[in-house]
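Results of the structural survey
This is what each chain is made of:
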Amino acid sequence: MSLNERVFIIVPLIASIFNIFLLLTVASVKKNRMVRSFMELLLVYTAWSLGSLFMRMNLFPSPSFWYMVSITGIFLVPFFLYNFIFYYTNTRGYFLRSVLLVSWIIIAVMNLSNVFITNPQVVLDGSERRFEYGVSPL
């Protein structure tokens, strides 16, 4: 395993460990809307990092499945970050929040259909394995 492959495994591993630690720490706190929104944000970050880690490790069921988990987490981060800031600042604007939720769900579903980025192809280059991503023709 090359140094490049190790880095792409170590970084998501460390991020996943920290995210899970934060999630378990926050899970013991008394829950309110702000804490729940922070936990949701941590879950999305964890899906992103664990999906990336498991994809790079080529775990079951397939790298394509873990790519979808990771990319869905990436595409949901903006809404859940907005949602956390929304509750943290205790602002009004539930209509805008609802519109953003629906739009980000549509964007995430569109990405699951490979509208933005296509599934990565695993390419073996000598002893090194790499992932090649493509942009959808749409």
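Preceding this section is the structure that the text describes.
Overview of the structure. (Residues numbered from 1 in each chain as written. Predicted model: local features only at pLDDT ≥ 70, side-chain atom pairs only at ≥ 80, totals over all residues. Heavy atoms only, no water.)

1. Quick notes on the overall build of the protein
- Secondary structure summary: the protein contains four helices and two strands in total.
- Written out in order from the N terminus, the α and β elements of the protein read α-α-α-α-β-β.
- Expressed along its principal axes, the backbone C-alpha trace of the protein runs to roughly 55 × 40 × 20 Å.
- In the protein, buried positions account for 32% of the 138 residues.
- Here the protein has roughly 8,800 Å² of accessible surface; of this, 72% comes from carbon and sulfur atoms.
- Put simply, the protein has 10 plus and 5 minus side-chain charges, and the middle of one group is 22 Å from the middle of the other. (Helix = DSSP H or I, 4+ residues; strand = E, 2+ residues; numbered from the N terminus. Buried < 20%, exposed > 50% of the residue type's maximum accessible area, 1.4 Å probe, protein only. Areas by Shrake-Rupley, 256 points an atom, 1.4 Å probe, with all protein chains shown as cover. Lys, Arg positive; Asp, Glu negative; His and termini not counted. Charge placed at Lys NZ, Arg CZ, Asp CG, Glu CD.)

2. Considering unusual backbone geometry
- The omega angle of the peptide bond from phenylalanine 60 to proline 61 is 5°, so this bond is cis rather than trans.
- Among the structural elements, proline 61 can be located in the loop between helix 2 (33-56) and helix 3 (63-89).
- Although it is not a glycine, asparagine 58 sits at a positive phi angle of roughly 60°.
- With respect to the helices and strands, asparagine 58 occurs in the loop between helix 2 and helix 3.
- Assessed through its relative accessible area of 43%, asparagine 58 is described here as partly exposed.
- Despite not being glycine, asparagine 90 has its phi angle at roughly 55°, a positive value.
- Its place among the elements puts asparagine 90 in the loop between helix 3 and helix 4 (94-112).

3. Here we look at the pairing of strand 2 (residues 128-132)
- As defined by bridge partners, strand 1 (residues 121-125) adjoins strand 2 across five bridges and the pair is classed as antiparallel. Its bridge partner lying in strand 2, valine 123 is registered against arginine 130. (Pairing = 2+ DSSP bridges.)

4. Here's the deal with the nonpolar core
- With eight residues, the main nonpolar core is built from Leu41, Val44, Leu76, Val77, Phe79, Phe80, Phe84 and Ala108.
- If you list the elements that add at least two residues to this core, you get helix 2 and helix 3.
- The residues touching phenylalanine 84, leaving out its near neighbours within four places in the chain, are Met34, Ser37, Phe38 and Leu41.
- Ranked by size, the runner-up nonpolar core spans seven residues in total, among them Met55, Trp66, Ile71 and Phe75. (Core = buried A, V, L, I, M, F, W, Y, C linked by side-chain atoms within 4.5 Å. Contact = heavy atoms within 4.5 Å.)

5. Brief notes about a nonpolar patch on the surface
- There is a patch of nonpolar side chains on the surface, built from Ile10, Leu13, Ile14, Ile17 and Phe18 and spanning about 470 Å² of accessible area.
- With respect to the helices and strands, the residue isoleucine 10 is situated in helix 1 (residues 3-27). (Patch = residues over 30% accessible without salt bridge, like charges linked within 9 Å, V, L, I, M, F, W, Y side chains within 5 Å. Salt bridge = Lys/Arg side-chain N within 4 Å of Asp/Glu carboxyl O.)

6. Digging into the pattern of salt bridges
- Under the definition given, this model contains two salt bridges.
- In this structure, arginine 130 engages aspartate 125 in a salt bridge whose closest nitrogen and oxygen atoms are separated by 3.2 Å.
- Judged by relative accessible area, arginine 130 falls into the partly exposed class, the value being 31%.
- Bridged by salt links that share partners, the residues Asp125, Arg130 and Glu132 form one connected network.

7. Remarks on the environment of asparagine 83
- Structurally, asparagine 83 can be placed in helix 3.
- For the pair formed by asparagine 83 and leucine 41, sequence separation is 42 residues and the distance between their alpha carbons is 8.5 Å.
- Here glutamate 40 takes part through its side chain, which lies 3.3 Å from a polar atom of the side chain of asparagine 83. (Polar contact = N/O pair within 3.5 Å; in protein donor to acceptor, adjacent residues only side chain to side chain.)

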